[in-house]
Amino acid sequence: MYRLALIGFGNVGQGLAQILRDRGDDLAERFGGPLRLVAVCDLLKGVVYAPEGLNPITLLEAVEQTGNLKGLPGVQKDWDALTTIRESDADVIVELSYTDLKTGEPARTHIEAALESGKHVVTTNKGPIALYYPQLAEKARANGVEIGAEGTVMSGTPALGLGLDYLAGAGVQKIQGILNGTTNYILTQMEAGASYSDALEEAQERGYAEADPTGDVEGHDAAGKVVILANLLMGAALTMNDVDCTGITSLTLADIQQAQAAGERWKLIGTVEKSGDSVKASVRPTRIPAAHPLASVGGATNAITFTTDLLGEVTLIGPGAGRIETGYALIVDLLAIHRKSGKKRT
Ligand code: HSE
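Residues numbered from 1 in each chain as written. Predicted model: local features only at pLDDT ≥ 70, side-chain atom pairs only at ≥ 80, totals over all residues. Heavy atoms only, no water.

Here's the deal with the overall build of the protein
Spelled out, the test is: Secondary structure follows DSSP: runs of H or I at least 4 residues long count as helices, runs of E at least 2 residues long count as strands, and numbering of each begins at the N terminus. We compute the radius of gyration over the C-alpha atoms and compare it with the globule rule, which gives 2.2 Å times the number of residues raised to the power 0.38. Here the term buried applies to any residue with accessible area under 20% of the maximum for its type, exposed to any over 50%, and partly exposed to those in between, with areas from a 1.4 Å probe on protein chains only. Only the protein chains shown count as cover for residues, and all accessible areas are computed by the Shrake-Rupley method using a 1.4 Å probe. Think of it this way: Lys and Arg go in the positive column, Asp and Glu in the negative one, and His and the chain ends go nowhere. By convention, the charge on Lys lies at NZ, on Arg at CZ, on Asp at CG and on Glu at CD.
When helices and strands are tallied, the protein shows twelve helices and twelve strands. Relative to the compact-globule value of 20 Å for 346 residues, the protein shows a C-alpha radius of gyration of 20 Å, a close match. For the C-alpha atoms alone, the extent of the protein along its principal axes is close to 60 × 45 × 35 Å. Out of the 346 residues in the protein, the part that is buried amounts to 53%. For the protein, the computed accessible surface area is about 15,000 Å², with 48% contributed by carbon and sulfur atoms. Here the protein holds 30 positive side-chain charges and 42 negative ones, and the gap between their average locations is 4 Å.

Next comes the structure, spelled out in structure tokens:
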């Protein structure tokens, strides 16, 4: 059995609760025991702690009906995130607080506290992973625990797992991808004749964009993912400043139509490439030929192409955002931790 404490109960946390509600039995079989939610701590919705386990149905109904967890039995009114991390008897902290690509806080402090308490961490939070992964991974090693971050790139589509587990020996030289759903949606809508502002508004309504969509359209969200790919899959130690980053804000409808007339499509492409002993990274709008595997990827879908010595190009296409899709990434990380621990737990 794994006992989980959720720090943050927004879209992704609720997505995970939905998965546990709908597939708990199947997952229990795969994990050799249930995934038990023992604590949920959300800055706005309140804190619930129940060592005997919280029912995901009750949690989801409470949020749907009242918008918070405050009326549920087991409420620990005086616990904040750090107390929940340190004092709950969870063995995995699921870090889902607000993403900040400038400071990585408060998630960085949460993750450090969890690792120092000897608890595994799974997170979909891009900020701390893009900014501090090498330090966090070192702390995890020093404390004999694991840190999983599959959902930081392409949600539950296993881009990191593919690179780490299956292509590690294939000699990955270059990784190129459509790593931001909002911008790909906007570019696809503009190809169909929509204006930039209408397309952005739709992307916001559909829930693809970040709370402040500037980070999407100026390429910073994709740059964070590029740093994560470089540091996790190529052993680099890049920072956000190392990424040569241009967004899509200066692309006009005329640019898009011109490319279409020439049999090409504009895509916001993130690239990580080995160059001698170093790794170079960029995010920039790129005209790519219609026959390229990334050209046919439309809407909010993401895709990634690994260029390898042994297999040539390997492309993975799938969702890059969404409540269930990102919630599933946490299951991927938990399964990886379970496999590493090498034994069934009861
Ligand atoms: N705003 C992001 C996107 C969400 O549009 O891809 C997933 O990281």
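Here the narrative resumes.
Quick word on the packing of aromatic side chains
Quick reminder of the rule: When two rings of Phe, Tyr or Trp (its six-membered ring) have centres within 6.5 Å they constitute a pair, described as stacked for plane angles under 30 degrees, edge-to-face for angles over 60, and tilted for the intermediate range. Remark: a charge is flagged as sitting over a ring if the NZ atom of Lys or the CZ atom of Arg is within 6 Å of the ring centre and within 35 degrees of the ring normal.
Here the structure, examined in full by the defined rule, presents three aromatic pairs. Between Arg108 and the ring centre of Tyr132, over which it is positioned, the NZ or CZ distance is 3.7 Å.

A word on the side chain of Thr326
Put simply, the test is: By definition, residues are in contact when any of their heavy atoms lie within 4.5 Å.
Inspection of the secondary structure puts Thr326 in helix α12 (residues 323–341). Those residues in contact with Thr326, other than ones at most four positions away along the chain, are Val12, Thr124, Gly151, Ser155, Gly156 and Ala321.

Thoughts on helix α7 (residues 181–191)
Side chains of residues three or four places apart in an α-helix project in the same direction, reflecting 3.6 residues per turn. Of all the eleven residues making up α7, ten are buried; the element is thus mostly covered by neighbouring parts of the structure. Considered for burial, the residues of α7 that qualify are Gly181, Thr182, Thr183, Asn184, Tyr185, Ile186, Leu187, Thr188, Met190 and Glu191. The secondary structure elements touched by the buried residues of α7 are β7 (172–178), α8 (196–205), α9 (214–217), α11 (253–261), β9 (264–275) and β11 (302–308). Once α7 ends, the next one or two residues include Gly193, with phi positive near 105 degrees.

Focus: the pattern of salt bridges
Basically, it comes down to this: By definition, a salt bridge exists where a carboxyl oxygen of Asp or Glu is found within 4 Å of a side-chain nitrogen of Lys or Arg.
Inspection of the entire model under this criterion finds 15 salt bridges. In this structure, Asp26 and Arg30 form a salt bridge, with 3.4 Å as the shortest nitrogen-oxygen distance. Note that Asp26 and Arg30 are positioned in helix α1 (residues 11–31) at a spacing of four residues, about one turn of the helix. Put simply, Lys45 and Asp42 hold a salt bridge, and the shortest N to O gap is 3.8 Å. Using a relative accessible area of 11% as the deciding quantity, one classes Asp42 as buried.

Section: the packing of helix α5 (residues 126–142) against helix α10 (residues 220–233)
Our working definition: The angle between two axes is taken between their N-to-C directions and runs from 0 to 180 degrees, where each axis is a line fitted to C-alpha atoms and a helix contributes only its stretch in contact. Handedness of a crossing follows from how the near helix is turned relative to the far one, being left-handed for an anticlockwise turn of less than a right angle and right-handed for a clockwise one. Polarity classes work like this: nonpolar for Ala, Val, Leu, Ile, Met, Phe, Trp, Tyr, Cys and Pro, charged for Asp, Glu, Lys and Arg, and polar for all others, with Gly in that last group.
Orientation of α5 relative to α10, taken along the N-to-C sense of each, is 35 degrees, at an axis distance of 9 Å. In the packing of α5 onto α10, the handedness of the crossing is left-handed. Across from Lys126, Ile129, Ala130, Tyr133 and Pro134 in α5, the residues of α10 making contact are Asp221, Gly224, Lys225, Val227, Ile228, Asn231 and Leu232. By residue class, the composition of the contact of α5 with α10 is seven nonpolar, two polar and three charged.

Remarks on the site of the ligand
Stated precisely, the cut-off is as follows: In these notes, residues near a molecule or strand are those with any non-hydrogen atom within 4 Å of it. Any N or O atom pair separated by 3.5 Å or less is treated as a polar contact, with the protein-specific requirement of one donor-capable and one acceptor-capable atom, and with residues adjacent in sequence counted only for side-chain atom pairs.
Surrounding the ligand, one finds Lys126, Asn180, Gly181, Thr182, Tyr208, Ala209, Glu210, Asp216, Asp221, Lys225, Gly320 and Ala321. Here Gly181 contributes a backbone N or O atom positioned 2.7 Å from an oxygen atom of the ligand. Here an oxygen atom of the ligand sits 2.9 Å away from a polar atom, N or O, in the side chain of Lys225. Here the ligand, which alone exposes 260 Å², has 90% of that area covered by the protein. For the shell around the ligand, the elements supplying multiple residues, two or more each, are α7 and α10. Considered class by class, the residues forming the shell around the ligand number three nonpolar, four polar and five charged.

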